[in-house]
Amino acid sequence: MNLKICRTGLLLLMLAMPLLWQGIATAQGRTNWTKDGNQYYKIKSGEILLVDARDAGKQTTWITKQMLTPEGKAPIAIRRFTLSDDGQKVLINNNTKKVWRYDTRGDYWVYDLTAKKLAKLGGNLPASSLMFAKFSPDGSKVGYVSGHNIYVETLADGSIKQLTTDGTKKLINGTFDWAYEEEFDCRDGFRWSPDSRNIAYWQIDAGKIKNYLMLNTTDSTYSFTVPVEYPVAGEDPSMARIGVVDVNTAANKWMNIPGDAIQHYITRMEWTKNPNEIILEQLNRAQTESKIFIGNISNATTRIIHQENDKAWIDGKSRWNNGNPVGWEWLNKGKDFLWVSEKDGWRHIYKITRDGKETLITKGNYDITGIDLIDEPGGYIYYSASPANATQNYLYRIKINGGNAERLSPASQAGSHDYDISPNGKLALHSFSNAYTLPQNELVSLPTHQHLSGDSIKLNANAVNKTEFFKVKTVDGIEIDGWMKKPTNFDPSKKYPVVFYVYGEPASQTVTDTYGAGMNFMYNGNMADDGYIYISVENRGAPAPKGAGWRKSIYKNIGILNIRDQAMAAKEILKWPYVDSSRVAVWGWSGGGSSTLNLMFQYPEIYKTGIAVAAVGDQLTYDNIYQERYMGVPTNDEGRAPFIKGSPITYAKNLKGNLLYIHGTGDDNVHYKNAEELINELVKNNKQFQMMAYPNRTHGISEGPGTVAHLHTLYTNYLKQHCPPGAR
């Protein structure tokens with residue numbers, strides 16, 4: 001699952017996700033297993049331990065603090081680490097700084113176990129400026145990005161070669177601009193060739209992308225602007241191309257990829273098993289056409305081997321691979337690869353040959369949600385799915401050539417499972433939770449799912465007032481999933497206020513059977529104890545595993561179809577005898593803030609109180625990759641019409657209830673411009689509301705002393721004032 005802080009209820013989803021084992025994550029968020037798959041590495045107390053999964057999790061210290069102590073200094077901290085292919089060198093990342101969402105800039109050190117030597121990389125480059133450092137396959141060098149240029153450092157003598165020299169703030173080598181990072185999860189933008197002789201990389205030219213100027217009025221006597229390159233819907237994307245640079249000579253070639261480099265995206269690129277070839281995916285700007293090319297680096301030519309079209313949009317790899325677009329799923333020594341497609345109406349795994357021949361592997365009316373492991377020696381693909389319940393997640397395996405799928409997650413553990421499987425497919429770090437059971441972590445054997453160490457997974461048999469899952473059918477015949485947390489000491493003969501939590505857009509689900517469902521992180525206190533019914537329902541368009549038709553029905557309908565589904569589900573819920581229809585509130589953050597506004601404006605007879613945080617008020621102000629994927633490319637009045645029809649500002653004149661609007665003025669994602677456009681519409685129509693602007697805070701509204709506590713208090717007090725709690 002791709003955890004998108006920018007669009008979801010933030011901490012709610014952080015609570016809802018099963019917790020990964022502490023200290024074992026690599027830069028990509030998964031585990032550093034040994035090659036044989038029997039052991040894994042773990043960070044603990046500033047050291048790296050080797051954990052033997054075969055021996056009840058026996059731990060031995062592998063890299064000590066003493067090894068990580070530069071002469072005359074304190075030991076270096078470990079944020080994340082990777083190993084060379086031979087396991088004799090460790091690349092350690094620390095002193096990291098955020099680039100938009102994640103701390104992808106920092107310092108890098110190499111510890112050589114053979115030479116027993118610690119060395120800092122980067123020479124005289126600025127501190128905390130190195131990005132995505134990784135060993136060459138032969139272990140002799142490390143490549144990294146600094147200042148939007150690519151460098152290679154030879155470990156034997158510490159010499160540094162700069163491979164690109166034209167990088168600037170707008171001409172970006174080896175990494176990505178804001179939009180690619182935010183919407184395609186693309187961050188690491190270069191790849192070593194299998195023979196360590198070349199590096200293939202993205203170059204993004206954002207030179208024609210207009211800057212959104214955020215205004216910082218708090219960090220100096222005079223205000224100043226903070227520019228963010230930000231292509232809004234209707235504006236051309238950045239130009240993207242693929243270069244291949246020789247590590248020894250720095251000679252560069254640009255791959256000849258058909259199509260306009262501005263009107264297409266390159267969302268994936270890797271080397272094949274052949275050191276003379278790369279493979280890449282190109283999406284057209286509307287993201288309705290996917291093409292896979294193989295490129296010959298000797299003559300820079302490319303040839304298409306696979307093509308797919310969709311009437312709505314085509315999801316990228318990060319959607320079905322734990323938010324990680326890196327890697328290519330090769331089989332048969334590079335002659336075949338796996339691909340995920342929704343072409344038959346369900347998200348399924350296909351095997352594709354290099355000449356484009358396809359074989360469907362998973363079959364049936366269900367969606368896979370992720371590929372967890374390809375165990376080619378064992379002959380299996382391990383994947384996640386939940387055919388019978390779209391709120392849950394389980395592990396399955398299937399023969400590489402297809403056949404009947406086998407569920408491996410225990411039937412007794414109803415809820416949501418996450419797995420980090422060892423390379424040999426025999427062991428897995430398993431995380432489990434459900435709505436009433438705290439996240440638990442264990443080591444299991446596969447395929448038997450036998451417990452080996454860690455927590456012994458047990459459902460919370462003593463849970464009281466469990467979050468309830470339900471289905472409701474709307475007047476349109478749409479069956480919608482929901483969860484509900486009832487008040488403590490609930491009395492069905494009385495009426496209670498209801499608070500709806502909403503997201504509603506294609507980036508995230510809210511109705512999942514994970515720990516955190518039914519909890520409101522924004523509320524000071526306990527909503528159930530105070531006498532609220534707390535509910536979330538999942539409209540069409542949410543990325544639930546309910547088929548492509550469910551998900552893609554929202555195409556060109558954000559702000560319309562999802563809003564109607566939410567409102568019609570609420571109408572059915574308001575018929576329940578214990579729901580007080582005079583006390584109905586709704587709230588959401590980002591896309592959920594947009595949904596909150598639309599619900600308040602389009603269905604004022606239902607929703608009496610709304611709290612909207614960091615909402616997109618005008619869809620034409622949001623970035624082109626996201627908004628054009630789901631709403632089309634607004635190149636003319638006809639193309640702009642769905643954007644206008646779905647935007648909250650179009651309906652602001654209809655406000656009748658109590659509205660609290662919250663936004664950070666330093667939001668680089670959903671710009672503060674949205675707040676001021678909304679204010680103008682409400683003022684023009686003499687609609688009274690309350691507003692809180694948090695100076696210089698970003699989309700998460702968490703920076704600065706006291707901010708989170710203030711936000712939660714503001715939220716809670718407003719809700720209690722305008723939607724009073726308790727039974728009547």
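Cut-offs and rules
Residues numbered from 1 in each chain as written. Predicted model: local features only at pLDDT ≥ 70, side-chain atom pairs only at ≥ 80, totals over all residues. Heavy atoms only, no water. Helix = DSSP H or I, 4+ residues; strand = E, 2+ residues; numbered from the N terminus. Rg over C-alpha atoms; globule rule 2.2 N^0.38 Å. Buried < 20%, exposed > 50% of the residue type's maximum accessible area, 1.4 Å probe, protein only. Contact = heavy atoms within 4.5 Å. Areas by Shrake-Rupley, 256 points an atom, 1.4 Å probe, with all protein chains shown as cover. Lys, Arg positive; Asp, Glu negative; His and termini not counted. Charge placed at Lys NZ, Arg CZ, Asp CG, Glu CD. Polar contact = N/O pair within 3.5 Å; in protein donor to acceptor, adjacent residues only side chain to side chain. 1 Å grid on protein atoms, 1.4 Å probe; cavity = no way out; pocket = protein on both sides within 12 Å on 5 of 7 lines; lining within 4 Å. Points joined across faces, edges and corners; volume = space filled by probe spheres on them. Nonpolar A, V, L, I, M, F, W, Y, C, P; charged D, E, K, R; others polar. Pairing = 2+ DSSP bridges. Axes fitted to C-alpha atoms, helices over the stretch in contact; angles between N-to-C directions. Salt bridge = Lys/Arg side-chain N within 4 Å of Asp/Glu carboxyl O.

Observations regarding the overall build of the protein chain
Of the regular secondary structure elements, the protein chain holds 10 helices and 42 strands. Here the protein chain has a C-alpha radius of gyration of 26 Å; the compact-globule value for 728 residues is 27 Å, and the two agree. C-alpha extents for the protein chain along the principal axes are approximately 75 × 60 × 55 Å. Looking at the protein chain as a whole, 60% of its 728 residues qualify as buried. For the protein chain, the proportion of contacts with a sequence separation of at least 24, taken over those separated by at least 6, is 59%. With the model as given, the accessible surface of the protein chain reaches about 28,300 Å², and the carbon-plus-sulfur share is 49%. Computed over 81 positive and 75 negative side-chain charges, the inter-centroid distance for the protein chain is 2 Å.

Topic: the side chain of Arg551
With respect to the secondary-structure elements, Arg551 resides in helix 4 (residues 548–552). Owing to a relative accessible area of 3%, Arg551 belongs among the buried residues under this scheme. One polar contact links the side chain of Arg551 to the main-chain carbonyl oxygen of Ala544, over a distance of 2.9 Å. If sequence neighbours within four positions are ignored, Arg551 has contacts with Trp313, Glu342, Arg347, Asp367, Gly541, Ala542, Pro543, Ala544, Pro545 and Lys546.

Brief notes about empty space enclosed by the protein
Throughout the structure, instances matching the rule amount to 10 cavities of 30 Å³ or more. Lining the second largest cavity are 19 residues, with Glu505, Ile558, Gly591, Ser594 and Val616 positioned closest to its centre. Here the lining of the second largest cavity gets 4 residues from one element, more than from any other, and that element is helix 6 (residues 591–602). A class-by-class count of the residues in the lining of the second largest cavity yields 7 nonpolar, 10 polar and 2 charged.

Focus: the sheet that holds strand 28 (residues 380–385)
Spatial ordering of the open sheet is given by 27-28-29-30, a layout of 4 strands whose pairing is antiparallel. Looking at which strands have only one partner, the edges of the open sheet turn out to be strand 27 (368–375) and strand 30 (406–407). Here 2 bridges tie strand 29 (residues 394–399) to strand 30, and the two strands are oriented antiparallel to one another. Note on strand 30: the bridge partner recorded for Tyr396 is Arg407.

Observations regarding the sheet that holds strand 2 (residues 47–52)
As summarised here, the arrangement of the 3 strands in space is 1-2-3, forming an open sheet in which the pairing is antiparallel. At either end of the open sheet lies a strand with only one pairing partner, and these are strand 1 (39–44) and strand 3 (58–63). Taken over all neighbouring pairs, the strand axes of this sheet differ in orientation by 35° on average, direction set aside. As defined by bridge partners, strand 1 adjoins strand 2 across 6 bridges and the pair is classed as antiparallel.

What about the layout of surface pockets?
A volume near 360 Å³ is recorded for the second largest pocket. Forming the walls of the second largest pocket are 21 residues, and the residues nearest its centre are Thr467, Lys485, Gly518, Met519 and Asn526. Taken together, the residues of the lining of the second largest pocket sort by class into 12 nonpolar, 7 polar and 2 charged.

A short note on the pattern of salt bridges
Across all of its chains, the model carries 37 salt bridges by this definition. Its salt-bridge partner being Glu329, residue Lys317 comes within 2.9 Å of it at the nearest N-O pair. Remark: Glu329 occurs in the loop between strand 22 (301–309) and strand 23 (330–331) and Lys317 occurs in the loop between strand 22 and strand 23; sequence separation between them is 12 residues. If you follow the salt bridges from partner to partner, you end up with Asp310, Asp315, Glu342, Arg347, Asp367, Arg551 and Lys552 in one network.

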